[in-house]
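# Overview (structure and organization)
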Protein chains: 2
Amino acid sequence: MDQSKDMSFLDEEIGFNTVRTSKYITRLLNQHLKSYGLTAEQWTVLKRLHQRGNMSQKHLSEASDKDQATVTKILDLLEAGEFLERKRNPEDRRSFVIGLTKKGEALTEQLYCEVDSVFQKIVNGISEKDIDTYRQVLSKLHRNMKSLI
Amino acid sequence: MDQSKDMSFLDEEIGFNTVRTSKYITRLLNQHLKSYGLTAEQWTVLKRLHQRGNMSQKHLSEASDKDQATVTKILDLLEAGEFLERKRNPEDRRSFVIGLTKKGEALTEQLYCEVDSVFQKIVNGISEKDIDTYRQVLSKLHRNMKSLI
DNA sequence: CACTAATAATTTGTATACAAACTATATTTA
DNA sequence: TAAATATAGTTTGTATACAAATTATTAGTG
């Protein structure tokens, strides 16, 4: 049977394989970050704070494309590890301002190189042209799904 | 600064965006499957059993690229929903043979079309050539990471 | 044949995703 | 100005990922 007519072709080739690749990326990053007391998801949060400066939990949730409840829990862990701190917003008592500690700042700056070298290995042997197409497809998939959800 | 020299380019463009796309795919499928009492991950398990016939939990874990502990829990839920059953392996008392029930069989056959139409929307506007490059990049990323883990 | 090593599956613990409900506070409305 | 509505963040519950340990059973070894 022509593969493109197979009822599960897209489900397998796009769905299953994207999800599987995502799990491997997360697992690989977790292995590298473990010795710093971090996980891949926590690294994303630290990265966002480092890139964009202090922000509310709401904005951090948006910036990292994570559920607010999930961000609450991740912040609990990062706060306990003294990588960041929650400060009350004097202008809005519902709200916090999240900022990196000096420890968090230093570690984040240090980890950029290590994480990049992990990804250099992950993409080894893939042409820049193919990486570019991959990125564009990811963007289009994301735009399509944002309009379906 | 040239983007390709940006220390977090690959982390963001490959890492973050792949993981984000994966979450959106899972979320979208969950929305569609919810009314059948299923999740995206459970659907993967049913699909594998439908495609390849009865098998042990160990083989099912390999076929769906899931942790064995995770498969145990997913099977608990699918068994409770009467989509499948665990039968003792007469040749090896450590082992079960997992098989779909009639209910599971019928529902799995029914869902192929619905899931495919979800993916038709997800990939809307993306050329077959780009989808093919995307699939090849996913494969290469997967091969690279399997050798790193 | 008894002991050792390996295997199939389960259990425990933790992290994250996410739906839904809740609490405290701010904003809007009549 | 009081009541209604909305918002920021938290809590609860469930599903899944995954590491690590455990249990019951099978296979291998001396």
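The structure presented is a predicted model; accordingly, all values stated were derived computationally and were not measured. Every residue gets a number counted from 1 within its own chain, in the order that chain's sequence is written. Numbering of ligands from 1 and lettering of chains from A proceed in the order in which they are written. Owing to the predicted nature of the model, reporting of local features is limited to residues with pLDDT of at least 70; listing and counting of side-chain atom pairs is limited to 80 or more, with chain, interface and lining totals taken over all residues. Processing note: side-chain calculations cover all non-hydrogen atoms of the structure and skip hydrogens and water entirely.

## Considerations on the relation of the copies chain B and chain A
Least squares is used to superpose the copies, and the fit set is the C-alpha atoms of residues whose pLDDT is at least 70 in both copies. The operation relating chain B to chain A is a screw motion whose rotation component is 180 degrees, with 0.0 Å of axial translation and a residual RMSD of 0.0 Å. Look at the turn and shift together and you get a two-fold axis relating the two. Considering only C-alpha atoms, the residue of chain B closest to the rotation axis is Tyr134 of chain B, which sits at 2.5 Å. Of all interface residues in chain B, 100% are interface residues in chain A too; the two copies therefore contact each other through one and the same surface. Two residues qualify as a contact provided that any one of their heavy atoms is within 4.5 Å of a heavy atom in the partner residue.

## Observations concerning the interface of chain B and chain A
Counting residues at the interface gives 60 residues for chain B, matched by 60 residues for chain A. Roughly 6,100 Å² is buried in total at the junction of chain B and chain A, and carbon and sulfur atoms are behind 67% of that figure. Salt bridge, as applied in this entry: a Lys or Arg side-chain nitrogen positioned within 4 Å of an Asp or Glu carboxyl oxygen. Connecting chain B to chain A are ten salt bridges. Arg48 of chain B is paired through a salt bridge with Glu12 of chain A; the nearest N and O atoms lie 2.8 Å apart. Side-chain atoms alone can form a polar contact between residues adjacent in sequence; in general such a contact is a pair of N or O atoms within 3.5 Å, and within protein one must be able to donate a hydrogen while the other accepts it. There are 18 residue pairs in polar contact (both at pLDDT 80 or more) connecting chain B and chain A. Mapped by element, the contributors of at least two residues to the side of chain B that touches chain A are helix H1 (9–33), helix H2 (40–52), helix H5 (102–122) and helix H6 (128–148) of chain B. For helices the rule is a DSSP run of H or I covering at least 4 residues; for strands it is a run of E covering at least 2, with both sets numbered from the N terminus onward. Top contributing element to the side of chain B that touches chain A by residue count: H1 of chain B, with 21 residues. Here the residues of the side of chain B that touches chain A are counted per class, giving 26 nonpolar, 17 polar and 17 charged. The term buried area denotes the loss of accessible surface (1.4 Å probe radius) that occurs when two parts are joined, taken as the sum for both partners. Gly falls in the polar group here, along with every residue not listed as nonpolar (Ala, Val, Leu, Ile, Met, Phe, Trp, Tyr, Cys, Pro) or charged (Asp, Glu, Lys, Arg).

## Observations concerning the packing of helix H2 (residues 40–52) of chain A against helix H4 (residues 68–80) of chain A
Residues and elements named next belong to chain A. For every element, the axis is a line fit to its C-alpha atoms; helices are fit only across the contacting stretch, and the angle between N-to-C directions ranges from 0 to 180 degrees. For the pair H2 and H4, interaxial distance at closest approach is 10 Å and the crossing angle is 85 degrees. Relative to H4, the element H2 lies roughly perpendicular. On H4, the residues that touch Glu41, Gln42, Val45 and Leu46 of H2 are Ile74, Leu75, Leu77 and Leu78. Here the contact of H2 with H4 is composed, by residue class, of six nonpolar, one polar and one charged. Angles are sorted into four bins: roughly parallel if under 35 degrees, roughly antiparallel if over 145, roughly perpendicular if 65 to 115, and oblique for all others.

## Quick word on the packing of aromatic side chains
Aromatic pairing here means that ring centres of Phe, Tyr or Trp (its six-membered ring) are within 6.5 Å. Orientation follows from the plane angle: under 30 degrees is stacked, over 60 is edge-to-face, and everything else is tilted. Going through the model one piece at a time under the given rule, you end up with three aromatic pairs over all chains. A centroid spacing of 5.0 Å and a plane angle of 15 degrees characterise the contact between Tyr134 of chain A and Tyr134 of chain B, whose relative ring orientation is stacked. Taken together, the residues span two chains, with Tyr134 of chain A in helix H6 (residues 128–148) and Tyr134 of chain B in helix H6. Taken individually, Tyr134 of chain A and Tyr134 of chain B each receive the classification buried, so the pair is uniform in this respect. Ring centres of Trp43 of chain B and Tyr112 of chain B lie 5.4 Å apart, and the angle between their planes is 75 degrees; this geometry places the pair in the edge-to-face category. With Trp43 of chain B in helix H2 and Tyr112 of chain B in helix H5, this residue pair connects regions lying 69 residues apart in the sequence. Each member of the pair, Trp43 of chain B as well as Tyr112 of chain B, carries the same accessibility label: buried. Each residue gets one of three labels from its accessible area relative to the maximum for its type: buried under 20%, exposed over 50%, partly exposed in between, using a 1.4 Å probe on protein chains only.

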